[in-house]
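Structure at a glance
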Amino acid sequence: MADELHRPARKIFHRRSVVRRLIDDLWQAAQKEIKTPITSLLEGVTQSEIADPLVLSKFSKITSAISDENCNMTNFIQGSLWKEKIALYHNKIVVPFFMYIDDFEINNPLGSKSMKHAISAVYYSFPLNEQSSKLNNIFLAALLKSHDLKSYGNDLCFKQLVEEFNSLEKNGILINTPDGPKTVHFILGLIIGDNLGLNSVCDFGKSFAANYFCRFCKAHKTLTHTLSEEDPTLIRNIENYTQDVEINDFSQTGISQNSILNNINCFHVTKNFCVDVMHDIFEGISHYNMCHIINYYTETLKILTLDTLNFRKQHFNYGKLEQQNLSPPIEKHHLSKFHLKMSARQMMCFIHFFPLMIVQNIAISFIVDQIQLDSYNSHMRAYEVSLNQNRPSKSLISIEEFSSPPIDINQVIFCVTNAKYE
């Protein structure tokens, strides 16, 4: 329709020229929304939210924590990386945001053409938001066909996004406040995602069987089999990254090409200190380690059997917040394969409470009476349990107001084992 209207007309019709101007205006507005979706959204959000004097006051209090070295680290802006990023923005309103990328399948994910319509979605969120993980606080930045990323590469697919990030950082967004107009600058703090997603978007190795598969260090894959401590000489930095790009040999460097994300003003892929805790820990080494630990307690020390552990695990008082994360019983073939039948969230819950399920000391054992996670305070009571009885007898010690989870189990064991008999 647009092409038809733009063709030269033999006669001049006033109505046609009006429609044409209307379509041109709509197309220009649509182009702005398509090319700068983040800026268009943030203009409305910042004006309605950040311009509020109370929000600005709260923002000042939060950012003041950066200069307080004695304050506990609870937010990204308290780290040295953020201080480095905002070095050029003294006395300005600077807001960090995170970029997240992951693939999803819009059609049948189990069908024969499961990857044909895969979409790479790019989201962004704000770590200063107290509820940044809620869906209504996670915003869509871009949708890319996974096939296009593979066919055309990151440079073409992320070019427009990089330009918009630079504009948000350099020019910012002007808002009207009671104290006059102010400019809010937005700086990319981290790019987060799983290992494959981050390695792909940052142009590192997409195969973890490659010689140099790590995006943080330059350790060869054979060295990683025995490396147990960090070697500072192998850490990637801007200098050795530049040298590796000039070498232009993936087998020797683990770098496909100079990432287009390095064109973002205050960002470099070697300083994107983001790890994939879900896949690395709770779906990774936790399975291997916990299988060894369970085998040690049940087969080597023999302080309890696998059936006893399953009984305690199934009947443990997790509290109403964690009760839904109860995992299935552990079987011997799970231990032999070093992989427990647990999701990442179930493994996280199991590791958190595992010490309370197995702790024993000769004739003394203790039963968790109450764990209240609603207020993030754990209230525990230890009892003397006779080896010949199935029920707790006299109370030995009352332990209250423990610190927020994770519970210091060493403190619990010390209190129980050093309790005096009457």
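To be clear, the structure that these remarks concern was listed above.
Residues numbered from 1 in each chain as written. Predicted model: local features only at pLDDT ≥ 70, side-chain atom pairs only at ≥ 80, totals over all residues. Heavy atoms only, no water.

Quick notes on the pairing of strand S5 (residues 180-192)
Taken together, the 8 bridges between strand S1 (residues 93-105) and S5 define a ladder with parallel strand orientation. Directly across from Tyr100, in S5, lies its bridge partner Ile192. Counted between consecutive antiparallel strands, the loop separating strand S4 (residues 173-177) from S5 contains 2 residues. (Pairing = 2+ DSSP bridges. Helix = DSSP H or I, 4+ residues; strand = E, 2+ residues; numbered from the N terminus.)

Here's the deal with helix H11 (residues 277-300)
Turn by turn, an α-helix covers 3.6 residues, leaving residues three or four places apart pointing in a common direction. Over its 24 residues, H11 extends only 30 Å from the first C-alpha to the last, a length that falls short of the 34 Å expected when each residue adds 1.5 Å. Approximately 50° is the largest bend angle found in H11, and it occurs at Ser286. Every buried residue belonging to H11 is among Phe282, Ser286, His287, Met290, Cys291, Ile294 and Thr298, and all of these are buried. Looking at the buried residues of H11, the elements they touch are helix H12 (306-315), helix H13 (332-336) and helix H14 (344-358). Downstream of H11 by one or two residues, Lys302 has phi in the positive range, about 55°. (Expected span 1.5 Å × (residues − 1). Bend = angle between axes of the 7 residues up to and from the residue. Buried < 20%, exposed > 50% of the residue type's maximum accessible area, 1.4 Å probe, protein only. Contact = heavy atoms within 4.5 Å.)

Let's talk about the packing of aromatic side chains
In total, this model carries 16 aromatic pairs according to the counting rule given. Considering the side-chain rings of Tyr296 and Tyr297, the 5.6 Å spacing of their centres and the 70° angle between planes classify their relative orientation as edge-to-face. Residue classification places Tyr297 among the partly exposed residues on the basis of a relative accessible area of 22%. Through a chain of ring-to-ring contacts, the aromatic side chains of Tyr124, Phe126, Phe139 and Phe186 assemble into a single cluster. (Phe/Tyr/Trp six-rings, centres within 6.5 Å; stacked < 30°, edge-to-face > 60°.)

Digging into the nonpolar core
With 37 residues, the main nonpolar core has Met99, Val122, Phe158, Phe186, Leu188, Ile191 and Leu261 as its most contacted residues. Elements with a contribution of two residues or more to this core: S1, strand S2 (118-125), strand S3 (139-145), helix H6 (146-170), S4, S5 and helix H7 (195-201). Here this core gets 7 residues from one element, more than from any other, and that element is H6. Excluding residues that lie within four positions of it along the chain, Val122 makes contacts with Met99, Tyr100, Ile101, Phe139, Leu140, Ala141, Ala142, Phe158 and Leu161. In terms of nonpolar packing, the next biggest core, distinct from the first, is built from 22 residues, Leu304, Ile330, Leu335 and Met342 among them. (Core = buried A, V, L, I, M, F, W, Y, C linked by side-chain atoms within 4.5 Å.)

Digging into the pattern of salt bridges
Under the counting rule described, the total for this entry stands at 4 salt bridges. A salt bridge links Asp244 to Lys218; its shortest N-O distance comes to 3.3 Å. One end of the pair, Asp244, is in helix H9 (residues 238-247); the other, Lys218, is in the loop between H7 and helix H8 (221-224), with 26 residues separating them in the sequence. Across the pair Arg345 and Glu322 runs a salt bridge whose closest N-O atoms are separated by 2.8 Å. Highlighted residues: Arg345 in helix H14 and Glu322 in the loop between H12 and H13, separated in sequence by 23 residues. Classification of Arg345 as partly exposed rests on a relative accessible area of 35%. Of the residues examined, Glu322 reaches a relative accessible area of 13% and is grouped as buried. (Salt bridge = Lys/Arg side-chain N within 4 Å of Asp/Glu carboxyl O.)

All we've got here are geometric facts, nothing functional implied.
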